[in-house]
Amino acid sequence: MDKKKSNIYENQQPDKGRIVGKRPGAKPGSVKIKAKRSNSGAAGDRNLRNMHTKVKTARGRKLSSTLWLQRQLNDPYVKLAKAEGYASRAAYKLIEIDDRYKLLKKGLRVIDLGAAPGGWCQVAVKRTGSTVDDIRIVGIDYLDMEPVSGAAILKKDFLDEDAPQALIDALGGEHPDLVLSDMAVPTTGHRRTDHIRTMALVEVALDFALKVLKPGGHFLTKTFQGGTEKTLLDLMKHNFISIHHVKPPASRDGSVELYLLAKGFKGHIKNNG
Ligand SMILES: C[S@@+](CC[C@H](N)C(=O)[O-])C[C@H]1O[C@@H](n2cnc3c(N)ncnc32)[C@H](O)[C@@H]1O
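Engineer: Just to check I follow, could you spell out the overall build of the protein chain for this structure?
Structural biologist: A tally of regular secondary structure across the protein chain gives nine helices and 10 strands. For the protein chain, the proportion of its 273 residues judged to be buried stands at 38%. Look at the contacts in the protein chain between residues 6 or more apart in sequence, and 63% of them connect residues 24 or more apart.

Engineer: What is the right way to look at the packing of helix 5 (residues 91–101) against helix 6 (residues 119–128) in this model?
Structural biologist: For any two helices packed against each other, one specifies the crossing angle of their axes together with the interaxial distance. Where helix 5 meets helix 6, the closest approach of the two axes is 7 Å, and the angle between their N-to-C directions is 40 degrees. Relative to helix 6, the element helix 5 is oriented oblique. In this structure, helix 5 meets helix 6 at a crossing whose hand is right-handed. From helix 5, A91, L94, I95 and D98 reach across to helix 6, where they touch G119, W120, Q122, V123 and R127.

Engineer: Quick question: what am I supposed to make of the pairing of strand 5 (residues 137–141) here?
Structural biologist: For a regular strand, side-chain orientation follows a simple rule: the groups alternate between the two sheet faces. In terms of residue burial, strand 5 counts as a mostly covered element, since five of its five residues are buried. Note that strand 4 (residues 110–113) and strand 5 share four bridges and pair parallel. Within strand 5, the position partnered with V110 by the bridge is I137. Taken together, strand 4, helix 6 and strand 5 constitute a β-α-β crossover, and its handedness is right-handed. Where strand 5 meets strand 6 (residues 151–155), five bridges bridge the pair, whose relative direction is parallel. Looking across to strand 6, one finds that I140 is bridged to L154.

Engineer: What is the right way to look at the site of the ligand in this model?
Structural biologist: Taken together, the neighbourhood of the ligand is formed by 23 residues, with S88, A90, G114, G119 and D182 sitting nearest. Mapped onto the shell around the ligand, the elements with two or more residues apiece are helix 6 and strand 5. Class assignment for the residues of the shell around the ligand results in 16 nonpolar, four polar and three charged.

Engineer: What's the story with unusual backbone geometry in this structure? I'm lost.
Structural biologist: Most peptide bonds are trans, and most residues other than glycine sit at a negative phi. Of the consecutive residues A116 and P117, the connecting peptide bond is found in the cis state with omega at 5 degrees. Topologically, P117 is positioned in the loop between strand 4 and helix 6. Phi at K102 takes a positive value of approximately 50 degrees, unusual for a residue other than glycine. Summarising the element assignment, K102 is placed in the loop between helix 5 and strand 4.

Engineer: Please clarify how helix 8 (residues 191–212) should be interpreted in this entry.
Structural biologist: In an α-helix, one turn spans 3.6 residues; hence positions three or four apart end up facing the same way. In this model helix 8 runs 32 Å from its N-terminal to its C-terminal C-alpha over 22 residues, within 8% of the 32 Å that 1.5 Å per residue would give. Buried-residue contacts for helix 8 involve strand 4, helix 7 (163–170), strand 7 (178–181), strand 8 (218–224) and helix 9 (230–239).

Engineer: Please clarify how the environment of P176 should be interpreted in this entry.
Structural biologist: With respect to the helices, strands and loops of the structure, P176 is situated in the loop between helix 7 and strand 7. In sequence terms P176 and R136 are 40 residues apart; their C-alpha atoms lie 8.5 Å from each other. With residues up to four places along the chain from it excluded, the contact list for P176 reads R109, V110, I111, L171, V212, L213, K214 and G217.

Engineer: What exactly am I supposed to notice about the packing of helix 8 against helix 9 here?
Structural biologist: Two elements in contact, helix 8 and helix 9, have axes whose closest approach is 11 Å; the angle formed by their N-to-C orientations is 15 degrees. The orientation of helix 8 relative to helix 9 falls into the category roughly parallel. Once helix 8 is placed against helix 9, the crossing between them reads as left-handed. Facing V202, E203, L206 and L210 of helix 8, the residues of helix 9 in contact are L232, L235, M236 and N239. The class makeup of the residues in the contact of helix 8 with helix 9 is six nonpolar, one polar and one charged.

Engineer: Got a minute to help me understand the pairing of strand 8 in this structure?
Structural biologist: When you tally the buried positions in strand 8, you get six out of seven residues, the bulk of the element. The pairing of strand 7 with strand 8 spans four bridges and is parallel. Looking at the pairing, L178 lines up with H218 of strand 8. Remark: the strand 7/helix 8/strand 8 crossover connection has right-handed handedness. Note: strand 8 against strand 10 (residues 257–265), six bridges, orientation antiparallel. Within strand 10, the position partnered with T221 by the bridge is L260.

Reading the values: rules and limits
Residues numbered from 1 in each chain as written. Predicted model: local features only at pLDDT ≥ 70, side-chain atom pairs only at ≥ 80, totals over all residues. Helix = DSSP H or I, 4+ residues; strand = E, 2+ residues; numbered from the N terminus. Buried ≥ 20, exposed ≤ 12 C-beta atoms within 10 Å, placed from the backbone. Contact = placed C-beta atoms within 7 Å. Axes fitted to C-alpha atoms, helices over the stretch in contact; angles between N-to-C directions. Parallel < 35°, antiparallel > 145°, perpendicular 65-115°, else oblique. Left-handed = near helix turned anticlockwise from the far one by under 90°. Pairing = 2+ DSSP bridges. Right-handed = clockwise from strand over helix to strand, strands pointing away. Near = placed C-beta within 6 Å. Nonpolar A, V, L, I, M, F, W, Y, C, P; charged D, E, K, R; others polar. Expected span 1.5 Å × (residues − 1).

This is a description of form; function is not addressed.
Laid out in structure tokens, this is it:
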């Protein structure tokens, strides 16, 4: 990639971990992936964008619910997901991240934490070529979801003590090349509480990834802008070759959601310091 064009700084010191930020010496910034039409037809289909649906405020419906409904009905990703058979608009976040960072390759094994309703599992199945006879994708969620052909789904809380082993067992005892976490707690509206609970999930997901990933593997997790504590980032820097903050176009501009991608697991867990 042409660094001048992309204005992305990459520190070339693999041992210390490489952070991709906006300028040298800056705190790790986020890479905003430009919206473009990918193979999947993601982002900005003209016809879909131009159809605007206005929702009337029904009696008994709160304004916030009306606005949410209106946004859903007019969201091009929601329409695309429906047209292309994805279980969620979230599928396009993984598609866009993967188009940029090339994480999913044929034959790789993937664990998907917080899988419901199944968009990421569908994308991972397609891009790894996982089949019912040779399952390479395992998802976990405590919510019910429709089955995804080519993936094994565990209906379980990832925080259960036996969840990590259950995931590896479902992967046929093999270790994953990629651990994905799109886990999110139901938001309370109280920013600090939501923040703490989300970061707790990131920590547990990272801990799991460090224990199970194959050397050279990658870890992708949902986080919050400005939310990743230094100790957590340091732990990632110690254990992966490069760290990237990514905001895919499918992640709504107004949301504080951000993805943290750690590439190239060094192979044995290193603690901070
Ligand atoms: C944003 S959704 C994931 C969307 C998914 N990536 C897709 O493409 O359809 C977040 C999911 O995380 C799940 N989740 C949150 N905490 C969890 C936990 N402790 N164990 C399992 N699933 C969890 C929620 O139930 C929710 O379904």
